[in-house]
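Chain by chain, the residues run as shown.
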Amino acid sequence: AAVRRVLLLGEGNFSFAASLCGAAGTCLVATCYESEEEACGRGGAAENIRRLREGGAEVLFSVDCTKLKDYFLPEKRGFDCIYFNFPHCGRKAGVVKNRELLARFFHSSAEVLTEEGEIHVALCNGQGGTPADQPRREWHNSWQVVAVAAGAGFILSNVHPFEAETIHGYKCTGYRSQDKSFCIKGALNHVFTRSKPLPCLKPVRCQIELERRKVSFQVPQVLVDKFNRGFLELSSSHPVQTIKEKLTAELSQAFPLQDTDCCLSLLHQGHLNAACHSNVFWVTPSPEETPSTEEVPNGLANAVLSSHADFCRDRDKNGWGNVQEGHHTSHQYCLRPSLLPYAQAVIQREAFLPGTLHVLSGPVFRRCLITPSSMPVFHEVVFACAVDRGTENSCIQMLVKNIKSSIQALHQTVSSFQVSVNLEEATSFDTAELNDFAAFESQLSDIDYLVSVEAETSSSCVGIIRTDHYTLVSSELVAVFASLHLDLLAMLTCGVSDWRMLWTSDTRFLCQFPRGELRLFKAFSLYPPSYVHDVSFWVPDGEQFDEVAFHTIARQVSGEMVISIQLLDSFQQPETGRKSLCYRLTFQSCDKALSCQEVAEM
């Protein structure tokens, strides 16, 4: 087994180090800031140092925790764990000086810690400034340990009580730089790990086949890191794929199924109704003379727009306008905001088998305001079938029954809490009460029913059901569509509170979900700091301010680090009529270290 290298900093009487001495598979280096002569003057220190040396530990004196690489050769810098118990500048140093000490310590530790290593910082009750402190100090009066660590690229991954009574022989000392003990009741041990760095995303062009021609388009910058993530591939262990598989397995008990994901194009061509127009990502495809695979996200190069005419049928009543074939302008192409037109195209084909439930799934893209549940990209699954006219209600009931039992079964495998799945007529809802998913779907076409999940204290619309009475292959048939928001279902099932976590590149998320299994998610970044900035600006004369565009810019510039935008004030100058707006932006990451300097740059 590999030897675990442990570094102890700021030891007072070396009693903590002595308690760890002799642990199997551990190489211990214990240090203190004072000289050997000063350290040995503390009660019990000389005996503890002797024990450490006899036990094979290395003991170093006059070690400055802010310059650690100076004390270790490059080959000796790979520590798996660094302990710093009750750091303090000494004497009556205030919170600001102690914050500065911690900041320099974290930067120094980053130079001698292994990639997977941990930093343990024990602080007295209230010093850390996190919700784990009881009582919690005001933010400005704390050491702000999580924000300070973020400046050096660390996140708080665990926090637990510092239980001195369980540490054999431990005795705290060093009160105001003297050989005196201090109160450590309620003290907490904060465990920090390295964060993934904030991404620097380069522009990406995506190459696809469009009407038998190879074309490419610029991927909207806000979506670059969301393209081609492969969450719905057969080999994926991502919760959205597991949920889709379990839903499909349940429905296969009641319906013959056919999966039709392979031919879904990323681009939709056609006008949308006015309500949807500003909520999609418009793109401009251009001919691709010499394909450059380096520019193409792997796996998207073969996205084919199959049977393009089928997808562009007259759908004015459903918000999908008719587009004449052969007459294309750049504004007519957008990243698909829904899988509904693809499902409609499938059931309009002559080869369509009535009674068969077709399954379509994939990511869809929508420009939206920044709110906790608004996602510019999410995974949708649509179940589509055609049944004899007059039997559509029994089909809906069977669909809902199986969807309900499937969602309830998902929750029971993960949590002991019961959930209720409700089907409600859409007419009983005011559009303002709908979440973004349902509101957008209602703009595309009429919704008959809403599927909502109520779990503990939250309730969310996760699906919609609609019928289509337009002429199909046979006028005796009626189409039934059920659309489900897989990302919301994954969040509700696995206890993921932030949609951005589903898209994290940190392996500590996906490693919690073995292939085909759903579990309660355990956060690996606790109490992330938030930063508030106000911004005000003049609106150009005569222009209608596009708030969705403003929010999209904030998403893009911050890399989805803006979690809230509030309009604080709107001012119009009486003399000139010029208008200014003031917004409050709140920045916070769910999975990465985010420092106040990085936010200021954003």
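Whatever comes next refers back to the structure up there.
Rules of the game
Residues numbered from 1 in each chain as written. Predicted model: local features only at pLDDT ≥ 70, side-chain atom pairs only at ≥ 80, totals over all residues. Heavy atoms only, no water. Axes fitted to C-alpha atoms, helices over the stretch in contact; angles between N-to-C directions. Helix = DSSP H or I, 4+ residues; strand = E, 2+ residues; numbered from the N terminus. Contact = heavy atoms within 4.5 Å. Salt bridge = Lys/Arg side-chain N within 4 Å of Asp/Glu carboxyl O. Buried < 20%, exposed > 50% of the residue type's maximum accessible area, 1.4 Å probe, protein only. Parallel < 35°, antiparallel > 145°, perpendicular 65-115°, else oblique. Left-handed = near helix turned anticlockwise from the far one by under 90°. Nonpolar A, V, L, I, M, F, W, Y, C, P; charged D, E, K, R; others polar. Pairing = 2+ DSSP bridges.

Residues and numbers for the packing of helix H10 (residues 392-414) against helix H12 (residues 486-494), please.
At their nearest, the axes of H10 and H12 sit 9 Å apart, and the two run at 35 degrees to each other. Residues Ile407, Leu410, His411 and Val414 of H10 lie in contact with H12, whose contacting residues are Leu489, Leu492 and Thr493.

With reference to specific residues and values, describe the pattern of salt bridges.
If you walk through the whole model with that rule in mind, you get 15 salt bridges. For Arg50, the salt bridge identified is with Glu47, shortest N-O distance 2.4 Å. One end of the pair is Arg50 and the other is Glu47, both in helix H3 (residues 45-54) and three residues apart, which spans about a single turn. On the basis of relative accessible area, Glu47 is assigned to the partly exposed category, the value being 40%. A salt bridge links Glu245 to Arg515, with the shortest nitrogen-to-oxygen separation between them at 2.7 Å. One end of the pair, Glu245, is in helix H6 (residues 239-251); the other, Arg515, is in the loop between helix H13 (507-510) and strand S20 (531-539), and 270 residues separate them in sequence. For Glu245, a relative accessible area of 27% gives the class partly exposed. Given a relative accessible area of 41%, Arg515 falls into the partly exposed group. Each of Glu47, Arg50 and Glu54 takes part in a single network of salt bridges with overlapping partners.

Let's hear about the packing of H6 against H10: which residues, and what values?
Axes are the key here: two packed helices are described by the angle between their axes and the distance separating the axes. With their axes 9 Å apart at the nearest point, H6 and H10 run at an angle of 135 degrees to one another. Comparing the axis directions of H6 and H10 gives the class oblique. Of the two elements, H6 crosses H10, and the hand of that crossing is right-handed. Where H6 approaches H10, its residues Ile243, Lys246, Leu247, Glu250 and Leu251 are matched on the opposing element by Leu399, Asn402, Ile403, Ser405, Ser406, Ile407 and Leu410. Looking at side-chain class alone, the contact of H6 with H10 contains seven nonpolar, three polar and two charged residues.

Before we move on, can you summarise the pairing of strand S17 (residues 449-455) with the specific residues and values?
In terms of residue burial, S17 counts as a mostly covered element, since six of its seven residues are buried. Two elements, strand S16 (residues 419-425) and S17, share seven bridges in a ladder whose sense is antiparallel. Residue pairing in the sheet places Glu424 in a bridge with Leu450 of S17. Alignment of S17 against strand S18 (residues 458-468), held across seven bridges, turns out to be antiparallel. Counted as the bridge partner of Tyr449 is Ile465 from S18.

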